[in-house]
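# Structural characterization, general
Here's the letter readout for the chains.
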Amino acid sequence: MDITGDAMAETRKTKVLIIGSGPAGYTAGVYAARAMLEPILVQGIEPGGQLTTTTEVENWPGDTEVQGPDLMVRMQDHAKAMGCEVIGDIVSDLNLSERPFRAKGDSGTEYVADAVILATGARAKWLGLPSEEKFKGFGVSACATCDGFFYRGQEIVVIGGGNTAVEEALFLTNFASKVTLIHRRDELRAEKILVDRLMKNPKIEPLWSHTLEEVVGTDNPLGVEAVRVRNVKSGEITEIPCKGVFVAIGHAPANELVKDQLETHMGGYVVTKPGSTETSIPGVFAAGDLTDHVYRQAVTSAGMGCMAALDAERFLAEAETAGAPEGAEHAAPLTPQD
Ligand code: FAD
Ligand code: NAP
């Protein structure tokens, strides 16, 4: 470990820097550590990733049912036990223009890496309405597990028609007196097993073919009283009384660090070579929801994390034997480790 001139600014060198602590990041950590690459994993603002915002996970192989946050603690412990160093920091800047790659942490630490595995996942999308913004944190939320408890005995609406919206609606019935699921179409895209549960739940009322026009509430104190919704077929506007609005309209890739450096597609997902986690820059690998616009599951993210570590291992081995890895022409040669 080097300490640079600035007393607080530390420089950490590693063969493999993993950015992100969801299923993709931790699985990459397990595999890279077992390949003796001594990886460093930077957790980001949401240690454990998206699964920490949910309750039961029923499709993680080997666990009929497991709590999302518990699963992620287990993954973290597993990565650490294998020798992956897990650091609580947020990467605020990443320079992929030359090797070794350089990342800057919010802590002031600079990470210098021969290979980088990007596993920054995805973040909740918002509708973009001014009234949604106004009441965010005061009745408008994108996380039922975080905020559902505040709505005991109250009426709530959930916006969306995917797995997240249906799961959130079901979860919120633990607290709410009534949950209205507002969907812009008359068919849900959620899995059938979840749709069946939704339709059987007496506390949930679906409202088909409606969109949210406006969140209505009080200014002092700031709080939600109703939503104004539009029937997409007739154009009719109606008002539904509620105290909470949960927006569950999908997720967008968390690509801020790399969107100007790597090839992206389909609304910002990082492009990887088919059957691989290689990105458009040699030595930079991407795994999980950051690169996957199709499956976006914990198990597929973990699978890609494994692939990324194996790809990074092969890249570094080739670099060592050949002096410079294949495709290294645009980047500087690797520097020896400490
Ligand atoms: P994420 O889990 O999104 O993790 C991204 C990580 O990157 C986070 O740790 C974050 O802190 C970190 N990060 C981001 N930016 C930075 C940065 N600048 N510096 C450092 N770190 C950074 N899937 C299932 O298979 N089963 C389920 O039951 C299921 N339920 C779900 C319920 C909900 C409510 C949601 C939202 C999703 C659910 N999913 C489920 C989907 C699943 O959570 C995702 O597919 C999976 O978490 C993606 O893993 P990931 O590792 O790619 O990224
Ligand atoms: P999603 O599958 O993309 O669904 C988003 C939903 O929001 C869709 O129904 C969509 O409507 C609607 N929507 C999008 N933009 C909208 C807008 N502007 N206004 C109104 N409605 C809008 O997203 P998700 O439900 O968050 O799921 C993301 C991924 O995580 C998926 O791959 C999912 O399988 C996974 N996940 C899995 C589980 C599980 O396995 N149990 C649980 C949660 C999430 P349309 O249908 O009309 O497009």
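A quick note: this is a predicted structure, and the numbers were derived from the prediction, not measured.

### Remarks on the overall build of the chain
For the chain, the count of helices and strands is seven helices and 22 strands. Taking 20 Å as the expected radius of gyration for a compact globule of 338 residues, we find that the chain reaches 22 Å, a close match to that expectation. Across its three principal axes, the chain shows a C-alpha extent of roughly 65 × 45 × 35 Å. A total of 338 residues make up the chain; the buried ones form 48% of that total. Restricting to contacts in the chain with at least 6 residues of sequence separation, those with at least 24 account for 60%.

### What about the pairing of strand β8 (residues 101–105)?
Side chains Phe101, Ala103 and Gly105 of β8 all project onto a buried face; the interleaved residues Arg102 and Lys104 project onto a face where none is buried. Bridge count for strand β7 (residues 91–95) against β8 is four bridges, and the pairing is antiparallel. Within β8, the position partnered with Val91 by the bridge is Gly105. The hairpin turn running from β7 into β8, its antiparallel successor, is five residues long.

### Quick look at the state of the cysteines
Evaluation of the coordinates by the stated rule reveals one disulfide. The residue that forms a disulfide with Cys143 is Cys146, at a sulfur-sulfur distance of 1.9 Å. The S-S bond linking Cys143 to Cys146 shows a torsion near 70 degrees; that makes this disulfide right-handed. For Cys146, a relative accessible area of 45% gives the class partly exposed.

Cut-offs applied
Residues numbered from 1 in each chain as written. Chains lettered and ligands numbered in written order. Predicted model: local features only at pLDDT ≥ 70, side-chain atom pairs only at ≥ 80, totals over all residues. Heavy atoms only, no water. Helix = DSSP H or I, 4+ residues; strand = E, 2+ residues; numbered from the N terminus. Rg over C-alpha atoms; globule rule 2.2 N^0.38 Å. Buried < 20%, exposed > 50% of the residue type's maximum accessible area, 1.4 Å probe, protein only. Contact = heavy atoms within 4.5 Å. Pairing = 2+ DSSP bridges. Disulfide = S-S within 2.5 Å.

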